[in-house]
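Structural description and commentary
Listed here are the chains, written in short residue letters.
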Amino acid sequence: MKKYLKHPFAVIFPIPSNFALRIFKEKKSVFVKYGTHEVLSQNVTDCKKLLIYESSTGQKITGEADILSVQLMNFSEVISEYKKDFFLSEDEFRAYASGREEKKMMVFKLDNIKEYSAPIILDHRLTIAGEYISKDEYNRLTQNN
């Protein structure tokens, strides 16, 4: 994860292309991510945007969404509350959560999901931990989308 930002505006997380397509095409508005700890950092709660970096297509950000809320939930809570809006099938989610079903994960409720007309190429690789960016960095990256 990138250095600590005092005022992050957006977070970029890698997502496999097939799951990103569901978010864009089917407007699946709930995204989850296990963090290192079972807490919501100030960086996460300050972010207004989620940028989607398709991990299997190279170093490309292919879209974004507004973050309406972020909360901590475990596997069964996510399934019972968000099953129809979730970006993973139940089987895919079980595989992702395998052995961590009771661990709390970050649950992002999204709105205004937008696939970019042209992907944004990053000049560096993104790790699974993601990256926080400032509003200035966001504006610079997205100025043509």
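Residues numbered from 1 in each chain as written. Predicted model: local features only at pLDDT ≥ 70, side-chain atom pairs only at ≥ 80, totals over all residues. Heavy atoms only, no water.

On to the nonpolar core, then. In this structure, Phe31, Phe87, Phe93 and Phe108 are the most contacted members of the largest nonpolar core, which totals 36 residues. Looking at this core, the elements that each hand over two or more residues are strand 1 (10-15), helix 1 (17-25), strand 2 (30-33), strand 3 (49-54), strand 4 (60-73), helix 3 (75-82), helix 4 (90-97) and strand 5 (105-121). Element by element, the count of residues in this core is highest for strand 5, at six residues. When residues no more than four places from it in sequence are discounted, the contact partners of Phe87 are Ile15, Phe19, Arg22, Ile23, Lys28, Val30, Phe31 and Val32. (Core = buried A, V, L, I, M, F, W, Y, C linked by side-chain atoms within 4.5 Å. Buried < 20%, exposed > 50% of the residue type's maximum accessible area, 1.4 Å probe, protein only. Helix = DSSP H or I, 4+ residues; strand = E, 2+ residues; numbered from the N terminus. Contact = heavy atoms within 4.5 Å.)

Here we take up the sheet that holds strand 1. Ordered by their spatial adjacency, six strands build an open sheet running 2-5-4-3-1-6, and the pairing between neighbours is mixed. The open sheet has two free edges, formed respectively by strand 2 and strand 6 (131-133), since each of these has just one partner strand. Here the average twist between neighbouring strands, direction ignored, is 40°. Pairing geometry for strand 3 and strand 4, over six bridges, is antiparallel. The residue of strand 4 that forms the bridge with Lys49 is Asp66. Sitting on the sheet, helix 3 is in contact with strand 2, strand 4 and strand 5, with an inclination near 105° to strand 4. (Pairing = 2+ DSSP bridges. Axes fitted to C-alpha atoms, helices over the stretch in contact; angles between N-to-C directions.)

The next thing to look at is the pattern of salt bridges. All chains considered together, the criterion is met by eight salt bridges. Lys49 serves as the salt-bridge partner of Asp66, at 2.6 Å between the closest nitrogen and oxygen. Of the two residues, Asp66 sits in strand 4 while Lys49 sits in strand 3, which places them 17 residues apart along the sequence. Across the pair, Lys49 and Asp66 agree in class, each one buried. For Glu77, the salt bridge identified is with Lys104, shortest N-O distance 3.2 Å. Remark: Lys104 occurs in the loop between helix 4 and strand 5 and Glu77 occurs in helix 3; sequence separation between them is 27 residues. Take Glu77: its relative accessible area is 29%, and that puts it in the partly exposed class. (Salt bridge = Lys/Arg side-chain N within 4 Å of Asp/Glu carboxyl O.)

Further remarks concern unusual backbone geometry. A positive phi angle is found at Lys27, which is not glycine, with a value near 50°. Examined against the element boundaries, Lys27 turns out to sit in the loop between helix 1 and strand 2. Given a relative accessible area of 45%, Lys27 falls into the partly exposed group. Phi is positive for Asn112, which is not a glycine, with a value near 50°.

This next bit is on the environment of Lys135. In this fold, Lys135 is placed in helix 5 (residues 135-142). Between the alpha carbons of Lys135 and His7 there is a distance of 8.2 Å; along the sequence they are 128 residues apart.

Moving on: the confidence of the model for the chain. Residue-level pLDDT values for the chain average 91, and 97% of them are 70 or greater. Averaged pLDDT values for the elements of the chain fall to 89 in helix 2 (residues 42-46) and rise to 97 in strand 4. (pLDDT = per-residue confidence, 0-100.)

Our next topic: helix 1. Those residues of helix 1 that sit buried are Ser17, Phe19, Ala20, Ile23 and Phe24. Along helix 1, the residues classed as buried sweep out an arc of 160° about the axis, all on the same side. Each element contacted by the buried residues of helix 1 is listed here: strand 1, strand 2, strand 3, strand 4, helix 4 and strand 5. (Arc of directions from axis to C-beta.)

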